[in-house]
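As a plain string of letters, each chain reads:
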Amino acid sequence: MPLERLLDLTESPVSPDQLYQHIVFPAPPEHRPYVYINMASTLDGKIVVGKPHGSAVGVGGPTDQQLFRRLQRTADAVIIGGGTLRAGPVIYPPNLPRYVVTRTGDLPLENRFFETTPEQTFVIAPKKLPADAQARLRSVATLLLCGEEEADLAEAFWRMRQEQKVRYLLCEGGGLLNDALLREGLADELFLTLAPKLKGGAHLPTSVGGIGFPPDFYLRAHLLSVYRDGDELYLRYRLEHTPVSWRAVE
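Parameters at a glance
- Residues numbered from 1 in each chain as written.
- Predicted model: local features only at pLDDT ≥ 70, side-chain atom pairs only at ≥ 80, totals over all residues.
- Heavy atoms only, no water.
- Salt bridge = Lys/Arg side-chain N within 4 Å of Asp/Glu carboxyl O.
- Helix = DSSP H or I, 4+ residues; strand = E, 2+ residues; numbered from the N terminus.
- Buried < 20%, exposed > 50% of the residue type's maximum accessible area, 1.4 Å probe, protein only.
- 1 Å grid on protein atoms, 1.4 Å probe; cavity = no way out; pocket = protein on both sides within 12 Å on 5 of 7 lines; lining within 4 Å.
- Points joined across faces, edges and corners; volume = space filled by probe spheres on them.
- Nonpolar A, V, L, I, M, F, W, Y, C, P; charged D, E, K, R; others polar.
- Core = buried A, V, L, I, M, F, W, Y, C linked by side-chain atoms within 4.5 Å.
- Contact = heavy atoms within 4.5 Å.

J.: Looking at this model, I keep getting lost on the pattern of salt bridges. Mind explaining?
T.: Across all of its chains, the model carries six salt bridges by this definition. The salt bridge involving E189 is made with R236; its shortest N-O contact spans 2.7 Å. Of this pair, E189 sits in strand β8 (residues 189-195) while R236 sits in strand β10 (residues 232-239), and the two are 47 residues apart along the sequence. Residues E189 and R236 agree in their burial class; the two are buried.

Below, the structure is given as structure tokens:
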């Protein structure tokens, strides 16, 4: 069965083998990479179907998994949060630089995420990280200390752009990292797979967690494309950015 095109303002593929094969992104800004988030969720927004701190395995179907890997090929590097790394094995192509954000340094160094050389693997953490934790992380990765109490993503992205020459950065969650990127105006697009499943449970994580926006503010998203494969939907949005004045006040 061919992939059904419901709406596409950027390209016109007609089968799963063509979707997201030739994505054209805008040029990145000078001070950071162009950042796009890729997530899969149930219809009620849950990003796991198992335990609260489990992996996303089982949410999306086979086509979602194909698109997951295809989007990785469009990126210069990929970034995830520490919770995503602790949820289970994280496997990337050997030549794909990978970043993980942590506040505590509590990362499973046996995870396959750390299989490549320290030159390909980066940990973003705040400067308050204890010396023993820093030494532990430096044994398997390049440590980027940005920010004092919390990891400063804007500084990390500036270094990523200037020092590692990362132009296009793929974020694969989880919800806490997505929340930080959105609130700080650091995310440009969202690719979202909607799986035809309902999970329920207020205790389970969603695509965007964290503290969110205040009651009188929300972030606008502009639909770029919609595709359907059976009962599963694949959406692409361009994200507006939070105003600098709001971020300064917040």
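J.: Sorry if this is basic, but what is going on with the layout of surface pockets here?
T.: Here the idea is plain: a probe the size of a water molecule rolls over the atoms and shows the empty space left. Considered as a void within the structure, the second largest pocket measures approximately 170 Å³ in volume. Residue composition of the lining of the second largest pocket, grouped by class: nine nonpolar, two polar and one charged.

J.: Please explain the nonpolar core as it appears in this structure.
T.: Generally speaking, nonpolar side chains in soluble globular proteins are found buried as a group. Core analysis: the largest hydrophobic core is formed by 34 residues, its most contacted members being Y20, Y36, L85, F113, F114 and V123. Of all the secondary structure elements, the ones that give two or more residues to this core are β2 (34-42), α1 (62-72), β3 (77-81), β5 (121-125), α3 (131-138), β6 (142-145) and β7 (168-171). Apart from residues no more than four positions distant in its own chain, F113 is found in contact with I80, L85, V90, Y92, R98, Y99, V100 and T121. Residues M39, I47, L144 and L186 belong to the second largest nonpolar core, which totals 28 residues.

J.: Got a minute to help me understand unusual backbone geometry in this structure?
T.: Leave glycine aside and you will find that most residues have negative phi; peptide bonds, for their part, are mostly trans. Note that the residue after G173, namely G174, is joined by a cis bond; omega there is 5 degrees. Along the chain, G174 turns up in the loop between β7 and α5 (175-183). Here the phi dihedral of Y20 falls at roughly 65 degrees; this positive angle occurs in a residue that is not glycine. With respect to the helices and strands, the residue Y20 is situated in the loop between β1 (4-8) and β2. Of note, K165 is a non-glycine position whose phi angle comes to about 60 degrees, a positive value. Structurally, the position occupied by K165 is in the loop between α4 (153-163) and β7. Judged by relative accessible area, which is 56%, K165 ranks as exposed.

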